[in-house]
Amino acid sequence: MRGHLAPHRFPEKTRRVQSPNTRSTLLMAPALMWLTALMVVPCGLILALGFFRRGLYGGIEYTFTLENFALIVDPLYAGIFLTSARIAGLATLIAVVIGYAAAYAIAAAPRHRQPLLLFLAVLPFWSNYLIRTYAWIVLLNREGLITQGLRMLGYEGEPPSMLYTEGAVITGLVYNYLPFVILACYAPLARLNPELAEASRDLGASAFTTFRRVILPMTVPGIAAGAVFVFVLSIGNFITPALLGGGRFQMMGNLIYAQFLTANDWPFGAAISMVLIAIMMGLLTIQAIAAEKGAGERREGTDG
Amino acid sequence: MTALLSIDGVTRRFGAVTAVDRLSLEIVENEFFALLGASGSGKTTLLRMLAGFETPDAGAIRLDGADISRMPPNRRPVNLMFQSYALFPHMTVEGNIAYGLEMEHLPRSEIGARVGEIMEITELSPMAKRKPDQLSGGQRQRVALARALVKRPRLLLLDEPLGALDKKLRAAMQLELKRLQHEVGITFIVVTHDQEEALVMADRVAILKDGRLLQCGTPHEVYEHPANRFAADFIGVMNFIEEGGRTLAIRPERIHLFPDRADRTVEGRVTARAYHGLDLQLHVATPLSPKPLLVRLTANAADRRPVAEGDTVTLGWNEADTRQFND
Ligand SMILES: Nc1ncnc2c1ncn2[C@@H]1O[C@H](COP(=O)(O)OP(=O)(O)OP(=O)(O)O)[C@@H](O)[C@H]1O
Ligand SMILES: [Mg+2]
């Protein structure tokens, strides 16, 4: 009897287990195809390109070499990399401090007003990146709005040079990526059970200690997500350094741009691109692992 | 005995709602005090004022004679065990319990000793290194309790401490809470909307309705001598008989079946019969009230005189066992 039943029951059970999987594969198929065609394949091509030699007059010579990757540690290029990392790091730091404070204020506002505040915080994001960056040129220009404003207040001296400085580049990056940080920090702050902070106060902690020991540790995943986002987008950015840095500040993005479009050294451009992508992937992976680890804790500490 | 806590005409309004309305209460040292009331009667609001999370709009709260109504929560020798437990999810059991002592800047060795001691009492030692999400509901509840107890507050406030537990665990924890209170010698104020729980655990019970104090007394007083019709109905089960513009109230266990001697008797028909193990409950339709009277017989009495649905029976009771309300 058992031998008779077993072959009937087994396939049925397997089918039931598999069907949701099959469905999710089907639903994911378009996205996977899109990613494969437009992300994986081009990245593979670029990676391959990095191992070839530059032709004498700009073309590509198909002989294997590691020279391009070796060139990256050349002091000239390593310097550009460090500058990029410093600018991106400072932009990240400033964006996280401002963004976290803004997110905290929004999460502390009355519940019915929060959607409007969030909308306002994200509003600049809906206009074009270039226009937003040009707006900063209008502001920071030697005879721009800020200088004019100072003049109206009676300032007589030399116009301050603000445009084409590292500060201008950082300002532009912070401004452009701030909405991401606000959103990333707002989510865990809004989910936080307010009774946790009350429990901390009840047990004798001051408001500041409560922030440091309860609120901040529980919202670190949001901060990390926002920070990685700003850093990754900043270090590869080339529009902002080009427009607000006036070409005086070469960042990784500008270097890659130049290799492909002006210096015509595609293999070297490809090699820097791959290093940049590897750094980004590494940071995103660390952040994803940290978020996964914190997921269990957060489930416990949020209000339903 | 002088009062440890005195609540004097305290009012708290939220817009148009008066959550707590001119409430006055005195609580003495080492008392196990229960606040009882329906949902929305202001129990949580009162506790939050005692803990310092709400400020009274009027009235004063005095602890050991000093007005604390405006003192911030972290400065009060009062601890609250939250209805949701509010355990810190990123800290271990041990870390949660030690947190309050670290805030007092006690020496490490003393913190370790006191945390160890309270974990022994609450039987949490085996799970000291676990995070709250690795605990059962009952264990979490004990962590929340231990975290508040370890501070040795003058006053411990517990908001529905047993609300999340199943019936059996609840009954066990009621006795456990009482034992703990005895052991640590701290004054407890427990909020509950379970009247039976209040009667079992508390030295005294206060009944709240719409933010006002209806009655306050020992479990025996509020059960046997309810101050008004609402209190009578709220605590335990009560039969009400309207006659001559007043209401007569009598407990089901005070009605006797086929009594030998009674001040008052009435004939009725059994409409329902429910066996509860310890006792037998009968619904008896009588001319006295539109609703059938509820009668509760002990298993012994029920065995002596078996009755079935549809039987005609004689009920009787003594005047001394009834309460009268003129409302
Ligand atoms: N922060 C608040 N804002 C507005 N109204 C409130 C607030 N807190 C409580 N209330 C109102 O005050 C009244 C008393 O609420 P409270 O939470 O004290 O009741 P409770 O007795 O604890 O009820 P439950 O048994 O459901 O917990 C309710 O009508 C409630 O809606
Ligand atoms: Mg409540």
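Predicted model, so just to flag it, every value in this text is computed and none were measured.

**So, the overall build of chain B**
If you tally the helices and strands in chain B, you get nine helices and 18 strands. Considered along the principal axes of its C-alpha atoms, chain B spans approximately 75 × 45 × 35 Å. Relative to its 327 residues, chain B shows a buried fraction of 51%. When the accessible surface of chain B is totalled, it reaches about 15200 Å², and 49% of it is carbon and sulfur.

**Section: the pattern of salt bridges**
Side chains carrying opposite charge are able to pair once their charged atoms draw close together. Scanning all chains against the criterion turns up 29 salt bridges over all chains. For Arg86 of chain A, the salt bridge identified is with Glu166 of chain A, shortest N-O distance 2.6 Å. Linking Arg86 of chain A in helix H3 (residues 75–108) with Glu166 of chain A in helix H7 (residues 166–191), this pair joins segments that are 80 residues apart in sequence. Arg12 of chain B is the salt-bridge partner of Asp57 of chain B, the closest N and O atoms lying 3.5 Å from each other. You can see Asp57 of chain B sitting in the loop between helix H1 (43–51) and strand E4 (58–63) and its partner Arg12 of chain B sitting in strand E1 (residues 3–14), a full 45 residues away along the chain. Accessibility expressed as a relative area gives 16% for Arg12 of chain B, which makes it buried.

**Topic: the domain arrangement of chain B**
Residue and element names in this part refer to chain B. What the domain assignment lists for chain B is domain 1 (5–229) and domain 2 (239–325). Taking the mean C-alpha position of each, domain 1 and domain 2 sit 39 Å from one another. On the side of domain 2, eight residues touch domain 1, which itself brings eight residues to the contact. Among the residues domain 1 hides against domain 2, the three largest losses belong to Tyr223, Glu224 and Arg229. Together they make up 76% of the total. Connecting domain 1 to domain 2 are two salt bridges.

**Some remarks on the interface of chain A and chain B**
In this complex, chain A contributes 22 residues to the contact, which on the side of chain B involves 27 residues. Carbon and sulfur atoms supply 55% of the area buried between chain A and chain B, which totals about 2200 Å² over both sides. Residues Arg48 of chain B and Glu198 of chain A are paired through a salt bridge, measuring 2.8 Å at the closest nitrogen-oxygen approach. Across the contact surface, chain A and chain B share ten residue pairs in polar contact (both at pLDDT 80 or more). Among the elements of the structure, helix H8 (194–202), helix H9 (207–235) and helix H12 (266–301) of chain A are those that each provide at least two residues to the side of chain A that touches chain B.

**A closer look at the nonpolar core**
Among the nonpolar cores identified, the biggest contains 68 residues, and Leu5, Leu35, Leu157 and Ile189 of chain B are the most heavily contacted of them. Counting residues per element, this core draws most heavily on H7 of chain A, which supplies twelve residues. Grouped together as the second largest cluster of nonpolar side chains are 46 residues, Met81, Leu87, Ala202 and Tyr223 of chain B included.

**What to know about the packing of helix H4 (residues 114–122) of chain A against H7 of chain A**
Residue and element names in this part refer to chain A. It is the contact of H4 with H7, at a shortest axis distance of 9 Å, that shows an interaxial angle of 150 degrees. Accordingly, the angle class assigned to the pair H4 and H7 is roughly antiparallel. Residues Gln114, Leu118, Ala121 and Val122 of H4 pack against Pro179, Ile182, Leu183 and Tyr186 of H7. Residue composition of the contact of H4 with H7, by class: seven nonpolar, one polar and no charged.

**With respect to the site of ligand 1**
Residues and elements named next belong to chain B. The environment of ligand 1 is made up of Phe14, Val17, Ala19, Ala38, Ser39, Gly40, Ser41, Gly42, Lys43, Thr44, Thr45 and His193. Within the backbone of Ser41, a nitrogen or oxygen atom sits 3.2 Å from an oxygen atom of ligand 1. Side-chain polar atom of Lys43 to an oxygen atom of ligand 1: 2.8 Å apart, as the coordinates give it. Burial of ligand 1 by the surrounding chains reaches 60%, relative to a free accessible area of 640 Å². Every element with two or more residues in the shell around ligand 1 is listed here: strand E2 (17–28) and H1. Across the shell around ligand 1, the residue classes break down as four nonpolar, seven polar and one charged.

**Brief notes about the layout of surface pockets**
Residues and elements named next belong to chain A. Put simply, the largest pocket is a space of about 380 Å³. Around the largest pocket, the lining comprises 16 residues; the ones closest to its centre are Tyr104, Ala107, Leu189, Leu192 and Pro194. Elements represented by at least two residues in the lining of the largest pocket include exactly H3, H7 and H8. Among the elements that take part in the lining of the largest pocket, H8 stands out by supplying five residues, more than any other. Looking at the lining of the largest pocket, its residues break down into ten nonpolar, two polar and four charged.

Definitions and cut-offs
Residues numbered from 1 in each chain as written. Chains lettered and ligands numbered in written order. Predicted model: local features only at pLDDT ≥ 70, side-chain atom pairs only at ≥ 80, totals over all residues. Heavy atoms only, no water. Helix = DSSP H or I, 4+ residues; strand = E, 2+ residues; numbered from the N terminus. Buried < 20%, exposed > 50% of the residue type's maximum accessible area, 1.4 Å probe, protein only. Areas by Shrake-Rupley, 256 points an atom, 1.4 Å probe, with all protein chains shown as cover. Salt bridge = Lys/Arg side-chain N within 4 Å of Asp/Glu carboxyl O. Domains from an automatic or database assignment. Contact = heavy atoms within 4.5 Å. Buried area = accessible area lost by both parts, 1.4 Å probe. Polar contact = N/O pair within 3.5 Å; in protein donor to acceptor, adjacent residues only side chain to side chain. Core = buried A, V, L, I, M, F, W, Y, C linked by side-chain atoms within 4.5 Å. Axes fitted to C-alpha atoms, helices over the stretch in contact; angles between N-to-C directions. Parallel < 35°, antiparallel > 145°, perpendicular 65-115°, else oblique. Nonpolar A, V, L, I, M, F, W, Y, C, P; charged D, E, K, R; others polar. Near = heavy atom within 4 Å. 1 Å grid on protein atoms, 1.4 Å probe; cavity = no way out; pocket = protein on both sides within 12 Å on 5 of 7 lines; lining within 4 Å. Points joined across faces, edges and corners; volume = space filled by probe spheres on them.

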